[in-house]
Structures are given as structure tokens and as C-alpha cells.
Amino acid sequence: MPLEEGDSARRRGPQVNGQVQLGRDSALRGELAPKDGRTEVVAEGRGPGPALGDGDETPGRLPQRAGQQEEALMAELSELVQKVVRSSSWWERHGLDSSILACSILLLPAGFLCLRSAQAIPFLVGVLTLGVVHHTLTVKGSHLASHNALTESKSWAKVWAIFFIELCSAFTVEQGTYNHVKIHHGYTNIIGMGDSSTWKVPFLNRYVYMFLAPLAVPIITPLVALDLLRKVEWKAALRTLCCMFLGLYCHYWLLLHVSGFQSPWSALLCMLLTRSLLAHPYIHVNIFQHIGLPMFAPERRPKRIQLMSLGVLNLPRNPLLDWCFGHSLISCHVEHHLFPSLSDHMCLKIKPVVSQYLKQKKLPYNEDTYTSRLQLFLQRYEELMVHAPPITELVGIQ
């Protein structure tokens, strides 16, 4: 299985058990890393001096040597990860994640039938079941499908992408894949490209954005998809429209005819409730893991291994979010950005290899808790989500 490259560099932050932990004070600034002969990261406007090595090194030769070093580091890490992948079974590479998605689909009848009950507890069980299933299919399934991580067959990969992204998520495959895989992964934390600015809504205050706006995600998503259809071929647009309509109408029809809702408005309200059940952590996770980390100008961006190591953060494992969103979006986001073609379970399996390697090479392995990131965004919402982020400049590698 081909593996894509990733990036790294170092920045200052409180460390826990040898791991770089982004705290509230260092998350916003491209501060100088400790001058221990590794990497310097300086925020724009701080007037960094030359970062030269010992002896007779010249500034002109330094970037060339740095680039060669970074390529060697990534090649070495890729080989270590390839060994893990080659020793893994099909079940580990694809089967386990596919089984989670299959189980979610099999839970759908139970969820719709629970909604028939007039008693509160079975009804709430139905809402929770459908909410969990919806987010598992639309977040975990769509994410894996966009990276072709569900299967090694190109034909089936296209089928699953249409099923999970268009039918289940009411979005368009072409634009969803392009924006996420080509832009976000290709230009992670590059200003004006993959800097997660699409998640910012500057006219909303912090509490509305963090706690109320996520409830509108099920409504906003298909509307954004319809607007993006202008950028795709008419055949793809027609297919997307049919799949979006079929997915939404099937959900509505099942609520009326299986769950026994008496009015269209009550069915639509239930659709909104189940589809927004985990919208809050969905929005939070997408901003927590990139925004507030170092940002780079397109013309001064570092190598991929530095870019990914600096601009990506892991959250702790959480049983519910691991199931619904997948390890690659929660506790293995660094691994996912370094090797995006791997499935969720494989990202979890290579996590010890990647974390140990980055620490050995004195490269950042960023981790923080969900609560800590939430507090950070509430306290510094204006800086993170309204104002333009500060540009971080990689000065040099000694």
C-alpha cells in the first residue's frame, strides 16, 4: 500500500512524558524552539537572526542540507511504517473498520423501531442509536472513503465514496475529496489554502459558534454541497443530486412509515435531532487539531514532515468518538496526516512507531486534551477564529 509523506519541526510547549503538549500560551505563537541544535520556529515580525551551524557552514548551503535531512527522515519513518503494514493482515488493514461500518448499518432497523415506542427510554435509545449510526457512516465512513482507505480496489473505492459521501452525508464526492485530500492534506496550515479557514464564521460570537451553530450542520451541509455543484461536470452534479435526494428522502420516509411519526414536521425535527447529535464534537475536533497551531505562508512553507509535525495535534482516545469518527480523526491525527492512505485501525497500530520515532529525532508530537482545547478556544476565540493567524517562519535547521 503506498504511503504519503508528512512533515515535522520543533516548537516550544510544556511537555508531558516527553511529548510536546500545546498549552494555552504557546498554541497561538510560533515561538522559538529550544536552541539545542535542532529546528527554530519564529513568529513573523520577531526579527530572527541567522540560524547557522557550527564552523564554516554558509546560509546558502544550509537549506539544501536541511532538505536532504528531512527527506531522509521521512524515508526512514516510511520504511518503519511499511514494515508494520506488510506484517498486518487484511482484517487489520481494512476488515475491522469495515465491520464497524457494517454493524452501524445493521443497527438502523433497531433505531427506527425504537422510535415507535411511546415511552421515553426506548424513544431516546432510538434517537441515540440513529445519531451514532449517522455520524459513524457520515464521518468515519466518508473520511475513510475519501482517502480510499476502505478497500484496495479502485472500483469499489469509488462505489463506497459515492455511498458514504453523497448518499449518507449529502455532499459531493468530487468537491469533498478535492477540498479535503488535495487541499487540506496537501497544504495543511498553509495560509489561504489548507489553513482550516472554511471552518471560521467570524460574525458569530464564541458561544454561538461553539455551542449553538453546530446544530445547523445538517442543514448547512447539503446547502454548501448544492453551491459546490457549480464546479463539477453536469453528470457528476446530476448523480450527486439524485444520491442526496435519495438519502434524505429515505431517512424521512422511514421515520414516517417505520417509526410511525404522524406529521412531516415531527419527522423532520427528528431528522435534525439525530443528524446533529454529535455535531458539537464534530465541529470542535475539526478546529482543535489545526487552528491555533503554526501557520505558514505558501512561498515559505516547510517540508511536509515539518509541516505535519508542527500543524497537527492528537486528542486523547474516547470510546464514543473513536467509534463514530475513527482513530485517524481523534487520537491518531498526526499519524493520519503523515500516512493518510491508512485505515483508522492501522493509524492506531503505527501510533507507537510514529510517536517514538518523532521523539527520538527531537521532532514535535503534539497532544492536548479536549477540555484544554475547548478552554483555549473560548478564551482566545477572537485571535483564533476571527483575526488572521500569525505566520510562522521556519528559520533553519542546524
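The rules behind these values
- Residues numbered from 1 in each chain as written.
- Predicted model: local features only at pLDDT ≥ 70, side-chain atom pairs only at ≥ 80, totals over all residues.
- Heavy atoms only, no water.
- Buried < 20%, exposed > 50% of the residue type's maximum accessible area, 1.4 Å probe, protein only.
- Helix = DSSP H or I, 4+ residues; strand = E, 2+ residues; numbered from the N terminus.
- Axes fitted to C-alpha atoms, helices over the stretch in contact; angles between N-to-C directions.
- Parallel < 35°, antiparallel > 145°, perpendicular 65-115°, else oblique.
- Left-handed = near helix turned anticlockwise from the far one by under 90°.
- Contact = heavy atoms within 4.5 Å.
- Nonpolar A, V, L, I, M, F, W, Y, C, P; charged D, E, K, R; others polar.
- UniProt positions renumbered as here; feature names shortened; annotations may be inferred.
- Disulfide = S-S within 2.5 Å.

### Some points on helix α12 (residues 304-311)
Within α12, seven of the eight residues are buried, leaving the element largely enclosed by the surrounding structure. Those residues of α12 that fall on the buried side of the exposure criterion are I305, Q306, L307, M308, S309, L310 and G311.

### Some remarks on the packing of helix α2 (residues 90-106) against helix α4 (residues 120-146)
Working note: a packed helix pair is described by the angle between its axes plus the distance between those axes. It is the contact of α2 with α4, at a shortest axis distance of 9 Å, that shows an interaxial angle of 150 degrees. Our classification of the angle between α2 and α4 gives roughly antiparallel. For the crossing formed where α2 meets α4, the hand is left-handed. Here D97, I100, L101, S104 and I105 of α2 lie close against α4, whose contacting residues are V133, T136, L137, K140, G141 and L144. Class assignment of the residues belonging to the contact of α2 with α4 gives a composition of six nonpolar, three polar and two charged.

### Here's the deal with the UniProt feature "transmembrane region" (unreviewed entry) in the protein chain
As recorded in UniProt, the feature "transmembrane region" (unreviewed entry) lies at residues 207-229 and 236-254. Taken end to end, residues 207-229 is 78% helix and 0% strand, and its two terminal C-alpha atoms sit 32 Å from one another. The span residues 236-254 is 100% helix and 0% strand, and its two end C-alpha atoms sit 27 Å from each other.

### Regarding the state of the cysteines
According to the stated counting rule, one finds zero disulfides in the structure shown. Unpaired in terms of disulfides, C243 finds its nearest cysteine sulfur in C242, a separation of 6.9 Å. With no disulfide partner, C332 has as its closest neighbouring cysteine sulfur the one in C347, 6.0 Å distant.

### Digging into helix α11 (residues 279-288)
Counting buried positions along α11 yields eight of ten residues, so the element is predominantly enclosed. When α11 is considered as a whole, its buried residues turn out to be A279, H280, P281, I283, H284, V285, I287 and F288. The secondary structure elements touched by the buried residues of α11 are α4, α7 (206-212), α8 (217-228), α13 (319-324), α16 (370-379) and α17 (381-386).

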